Amino acid sequence: METITFDQLSLSDELMQAIGDSGYTAPSPIQAQAIPAILAGHDIIGQAQTGTGKTAAFGIPLLEAIDASDKHVQAIVMCPTRELALQVCTELRKLAKYKKGLFLLPVYGGESIENQIKDIKRGVSVIVGTPGRIIDHLNRKTLKLDKVKMVVLDEADEMLNMGFVEDIETILSHMPKERQTVFFSATMPKPILELTKRYQTNPKIVKIEKTSLTVSNIEQFYYEVRSGEKMEYVLRILEINNFKLALVFSNTKRMVDEIVEKLNVQGHKALGIHGDLSQSQRNNVMRKFRAGDVKVLVATDVAARGIDVDDVDAVINYDLPMDDEYYVHRIGRTGRAGREGKSFTLVASREMRSLRDLMHYTKANIAKGEMPSGKELAKLKLKKLQDKLTQIIESSDLKKHLWMIEEWELEGLDMKPLMAALLKLQVGDLSERKEERKDRDKDRDREPKDRFDRNSKNDKGKDRDRRDSDKPKRRDRKSSGNMVRLFINLGKNHKVRTGDILGSITANSGLNGNDIGEIDVRDKFSYVEVPADEVNNVLGAMMGNQIKGKEVNIEVAK
Ligand code: AMP
């Protein structure tokens, strides 16, 4: 594993600050190799696929090369699709946020060319675009590339597959010969090598050697999840399996802190370990984990290097690792000293290709995991509780507790509801997760009368409530508690419904469905009420997430 840090790369303060904001702990292996080489002025052939941090690998040195006061186009990144162009541009903008006056523009078909022309006229330093639209601009003479210092071909193999080779050559011919040319490609077929021969000078090849996995005593699973569901999966994995010690890996410090917080909210004793901790803090965390005072340790790859604990039962990969080699290191933290271990990797649908590559390169056999349904999980939890209670009855002295119960009985307390309340204390949170809610809603739909008779005072009210089964309970809550109304930038026009907002907030914030007040979905935006003391939790948990594929912007409603 690479041991280089961002500090060692001699980057500008502006870039270091932006990298710090992104929460990246250390350069990924492709970054560790590509950044110094590009900074030194070399042409590069980078062999890396999506998910390895390749965008920042060329993006960081590219941004370092730009003079923000010069309003000519100084760098151009070519991408095969508009989606990738947008994604790359977004990532570069994040990295460039402290380079004042530096403008980046995505340029692709399907968008008004007039608007792009206006933007280019205002002065753009970096163009990120698809070859077709860049050619359009060159033909119209609305884009000049004679001051370009660096050109990047991202996913070059894809661009060739899509038949862009002539366009690429035309675009390259508009640039000065004295420039840096960077190729990134997941594969290196012959036509790419021919292109590099013609357009690059002494290119350095940057790629990551793959190691194959030799861990037969680790059972490996993956779950295909939506991004908002990851935390729910972690919780379920922990709840089903009853691990003595488990490790959760994430790619960023910020995410480590978030996971730790959410785990603790759900009653799992967890601590995090990442590069921001001092050595003594790290020792402290490790001592607690080793002693079993903390059951779950959440770590970044770099911080995990010192983790030498033998009885870790499982490793959960909250994110796919930045490099296949990290995967091998991560899961190797379990199944040590001849023990059996399990690993669980959470994969977003768009990352399935990366997972297949990972399996191919590491020769790992990662099986698709089956997550028990909400109901099955509730049953499991109840069974576990039953076993624990039996054990306590058999092994403890409960005399004083029994006196208490007798006193309650004398006071006339009914034991059944009391037991039910105790049960709710133990498993109540579980029964409010997404699937149970769905099941419960189904039951509710089947027996609407039962539910609404209790809430409504007259038949008119009952009809109104039936039209929107979530609402009566929410209104009651609003009037009973101290609720704050939040604004969300998504509404009906984004195909977002009440259930999507409720589901996303409960899954990400650790709140129960019952905690959330009225949800008012309008055309362009929505309002949702949450308890006043949970506002920060919800804002932190939801900001930047996606609902129905759209990025969430959330703030306290004005
Ligand atoms: P890419 O391979 O460029 O598609 O990047 C995959 C993901 O990794 C993106 O979400 C990046 O924001 C993230 N990323 C890039 N560099 C790092 C890093 N050094 N540490 C953690 N995450 C990173």
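Residues numbered from 1 in each chain as written. Predicted model: local features only at pLDDT ≥ 70, side-chain atom pairs only at ≥ 80, totals over all residues. Heavy atoms only, no water.

## Here we look at the pattern of salt bridges
Under the counting rule described, the total for this entry stands at 18 salt bridges. The partner of Asp154 in a salt bridge is Lys54, with the nearest N and O atoms 3.0 Å apart. Note that Asp154 is positioned in the loop between strand S5 (150-153) and helix H7 (156-161) and Lys54 in helix H3 (residues 54-65), a separation of 100 residues in sequence. With a relative accessible area of 0%, Asp154 lands in the buried category. Residue Lys54 is classed as buried on the basis of its relative accessible area of 4%. A salt bridge links Glu114 to Arg140; the nearest nitrogen and oxygen atoms lie 4.0 Å apart. In this pair, Glu114 sits in helix H5 (residues 113-122) while Arg140 sits in helix H6 (residues 131-140), placing the two residues 26 residues apart along the sequence. The exposure class assigned to Glu114 is partly exposed, which follows from its relative accessible area of 49%. (Salt bridge = Lys/Arg side-chain N within 4 Å of Asp/Glu carboxyl O. Helix = DSSP H or I, 4+ residues; strand = E, 2+ residues; numbered from the N terminus. Buried < 20%, exposed > 50% of the residue type's maximum accessible area, 1.4 Å probe, protein only.)

## Some details on the sheet that holds strand S13 (residues 341-348)
Read from one edge to the other, the open sheet built from seven strands follows the order S10-S11-S9-S12-S13-S8-S14, with strand pairing classed as parallel. Each having just a single partner strand, strand S10 (270-273) and strand S14 (366-368) make up the two edges of the open sheet. In this sheet, adjacent strand axes meet at a mean angle of 25 degrees when their direction is disregarded. Across four bridges, the pairing between strand S9 (residues 246-249) and strand S11 (residues 296-299) is parallel. (Pairing = 2+ DSSP bridges. Axes fitted to C-alpha atoms, helices over the stretch in contact; angles between N-to-C directions.)

## Looking at a nonpolar patch on the surface
A surface patch of nonpolar side chains, about 270 Å² in accessible area, is lined by Leu389, Ile392 and Ile393. With respect to the helices and strands, Ile392 occurs in helix H15 (residues 374-395). (Patch = residues over 30% accessible without salt bridge, like charges linked within 9 Å, V, L, I, M, F, W, Y side chains within 5 Å. Areas by Shrake-Rupley, 256 points an atom, 1.4 Å probe, with all protein chains shown as cover.)

## Looking at the sheet that holds strand S15 (residues 483-488)
One key point about sheets: their strands pair by backbone hydrogen bonds, in either a parallel or an antiparallel sense. Strands sit in the order S16-S17-S15-S20 across an open sheet of four strands; the sheet is antiparallel. On the outer flanks of this sheet lie strand S16 (519-521) and strand S20 (554-556), each paired with one strand and no other. Sheet twist, expressed as the mean angle between neighbouring strand axes with direction ignored, is 25 degrees. Of the pairings in the sheet, the one linking S16 to strand S17 (residues 526-531) comprises three bridges and is antiparallel in character. Bridging across to S17, Asp520 finds its partner in Tyr527. Packed onto the sheet, helix H22 (residues 498-509) meets S15, S16 and S17 and runs at close to 135 degrees relative to S16. Each of S15, S17 and S20 touches helix H23 (residues 535-542); the most contacted strand, S20, lies at about 160 degrees to it. (Contact = heavy atoms within 4.5 Å.)

## Focus: the site of the ligand
Inspection of the region around the ligand gives 15 residues, with Tyr24, Gln31, Gly51, Gly53 and Thr55 positioned closest. The backbone of Gly53 places a nitrogen or oxygen atom 2.7 Å from an oxygen atom of the ligand. Backbone polar atom of Lys54 to an oxygen atom of the ligand: 3.2 Å apart, as the coordinates give it. Protein coverage of the free-state accessible area of the ligand, which is 500 Å², stands at 81%. By residue class, the composition of the shell around the ligand is five nonpolar, eight polar and two charged. (Near = heavy atom within 4 Å. Polar contact = N/O pair within 3.5 Å; in protein donor to acceptor, adjacent residues only side chain to side chain. Nonpolar A, V, L, I, M, F, W, Y, C, P; charged D, E, K, R; others polar.)

## Let's talk about the environment of Gly491
Relative to the assigned elements, Gly491 resides in the loop between S15 and H22. Accessibility expressed as a relative area gives 0% for Gly491, which makes it buried. Considered as a pair, Gly491 and Val521 are 30 residues apart in the sequence and their alpha carbons are 5.5 Å apart. If sequence neighbours within four positions are ignored, Gly491 has contacts with Val496, Val521, Arg522, Asp523, Lys524, Phe525 and Ser526.

## As for the environment of Thr142
You can see Thr142 is positioned in the loop between H6 and S5. Residues Thr142 and Ile117 lie 25 residues apart in sequence; the distance between their C-alpha atoms is 6.3 Å. Once residues within four sequence positions are removed from consideration, Thr142 is found in contact with Ile117, Ile120 and His137. Here the side chain of Thr142 touches His137 through a polar contact of 2.8 Å, side chain to side chain.

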